[in-house]
Amino acid sequence: MRPAEGALEALARAVAEETGSSAAAAREMAAELYTALLGCCGPGGAGAGELARLIAAAPQAPQWGSAPRVACPGVEGAFTHQACRTLYPGGQVSFYPEFADVFEAVEEGRVDVGVLPIENSTAGSVLDVYTLLGEHRFFIVDATSLPIEHCLLAPRGAALDGVRQVYSHPQALGQCRHYLAAHPGWESSPFSNTAAAAKYVKGEGDCAKAAIASALCAQLYDLQVLEQGIEDASGNRTRFIAVAKEPVILPQADRVSILAVLPHRKGSLFSFLARFAAAGLNLCKIESRPIPGRRFEFVFYLDFEGSVRGEKTLALLSSLEGQVERLAFLGNYPDR
């Protein structure tokens, strides 16, 4: 079908403005994009590709029932531990030192599901988790968002003016950046986890050492709360995801995550993103991470609203399979 000249010209102007291409190149790119959009949004666009078959076969309920084996980074009292209890109140939680250890536990079948932080409303994305998602063929099967309030914890008898070193996860340190900057005499020391930092400070028993962690950690590890609510932004929240080896698409799933590696040429990202707008799908997150061994080329992680069981969404994803170097379905899950 030949696209209407008016629509093609309008699209070509938008392409030229976005990419800086010449008029001729923009028109050629616009024609290609227009044709692709018609293919992905028109009848029968879903096809029967690998992605469509994967989604069709995905169960609507996890096989582990109400008591899964859950891997959690850190130690008891970590914010991720609270997320585990929110998502899987009947789960059997095991703790692992690092994010990579959680992925390994899921990979080896020692647990059914792993729960990890993915982004914070103040400090942004947890990049290590994105990198691990790209390395493992796992699926996001659920998610939750929790309010995060940070406290400065120290051994009993400590005083604020005696603190010299503060331990916490880099994300927590970033979420309390202004508070820490107001105390220039303190040294900030990254730690594997907020609760692990609290446990370490308790074990050291040194009143010059403090941790940024939750009020729950003060109770668990018998520490004193020197100051409460020290995060920079009110309404500070963190999103946590649950990952598993097999896809599960719950009936209430309304957020889709995908991974894409695009052709390294002018306009490819614009063309890719325009398809979502044309399909009426709202992109709510875009993250990029470098591709090892490829000079300044990136893998893109995208979240958008919708259900892959809807014809329009599945048609779009299926049409993208042959247009990119790599497309991976990371999950369709509730955005609580």
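Fair warning: this is a prediction, and the values are worked out from it, not measured in the lab.

1. A short note on helix H12 (residues 311-320)
By the criterion of burial, H12 is predominantly enclosed, with 8 of the 10 residues buried. Buried within H12 are the following residues: Thr313, Leu314, Ala315, Leu316, Leu317, Ser318, Ser319 and Leu320.

2. Remarks on the environment of Phe191
The topology assignment puts Phe191 in the loop between strand E8 (187-190) and helix H9 (194-204). With a relative accessible area of 23%, Phe191 lands in the partly exposed category. Taking C-alpha positions, Phe191 is 9.4 Å from Ala211, a pair spaced 20 residues apart along the chain. Those residues in contact with Phe191, other than ones at most four positions away along the chain, are Tyr167, Ser168, His169, Pro170, Ala196, Ala197 and Tyr200.

3. Points about the confidence of the model for the chain
Averaged over every residue, the pLDDT of the chain is 89; the share at 70 or more is 87%. For residues 36-48, every residue scores under 50 in pLDDT, and the model assigns this stretch 20 contacts once sequence neighbours within four places are set aside.

4. So, the sheet that holds strand E14 (residues 298-305)
One open sheet holds the 4 strands; their spatial order is E13-E14-E12-E15, and the pairing between them is antiparallel. The sheet terminates laterally at strand E13 (283-290) and strand E15 (326-333), the two strands that pair on one side only. Direction aside, neighbouring strands of the sheet carry axes that sit 15° apart on average. Where strand E12 (residues 255-261) lies against E15, 7 bridges are found, and the strand directions are antiparallel. Directly across from Leu259, in E15, lies its bridge partner Ala328. Packed on one face of the sheet, helix H11 (residues 268-278) meets E12, E13 and E14 and runs near 15° to E14.

5. Re the sheet that holds E8
Taking strand neighbours across the sheet as the criterion, the 5 strands line up as E8-E7-E9-E6-E10 in an open arrangement whose pairing is mixed. Edge positions in the sheet fall to E8 and strand E10 (224-228), since each has one partner strand and no second. Sheet twist, expressed as the average angle between the axes of neighbouring strands with direction ignored, equals 30°. Note: strand E7 (residues 165-168) against strand E9 (residues 209-213), 3 bridges, orientation parallel. Residue pairing in the sheet places Tyr167 in a bridge with Ala211 of E9. Sheet contacts for H9: strand E6 (151-154), E7 and E9; angle to E9, the most-contacted strand, approximately 155°.

Reading guide: rules and limits
In every chain, residue numbers begin from 1 and rise along the written sequence. For this predicted model, a pLDDT threshold of at least 70 governs which residues receive local features, and a threshold of 80 or more governs which side-chain atom pairs are given and counted, while totals over whole chains, interfaces and linings are taken from all residues. The basis for every side-chain value is the complete set of non-hydrogen atoms in the structure, without hydrogens or water. Whether a residue is buried, partly exposed or exposed follows from its accessible area with a 1.4 Å probe, protein chains only, as a fraction of its type maximum: under 20%, in between, or over 50%, in that order. Secondary structure elements follow DSSP: runs of H or I of four or more residues count as helices, runs of E of two or more count as strands, with numbering from the N terminus. Whether two residues touch is decided by their heavy atoms; if any such pair falls within 4.5 Å, the residues are in contact. Per-residue confidence from the predictor is reported as pLDDT, which spans 0 to 100. In this description, strands pair whenever DSSP reports at least two bridges between them. In this analysis an axis means a line fitted to C-alpha atoms, helices contributing only their contacting stretch, and an angle means the value between N-to-C directions, from 0 to 180 degrees.

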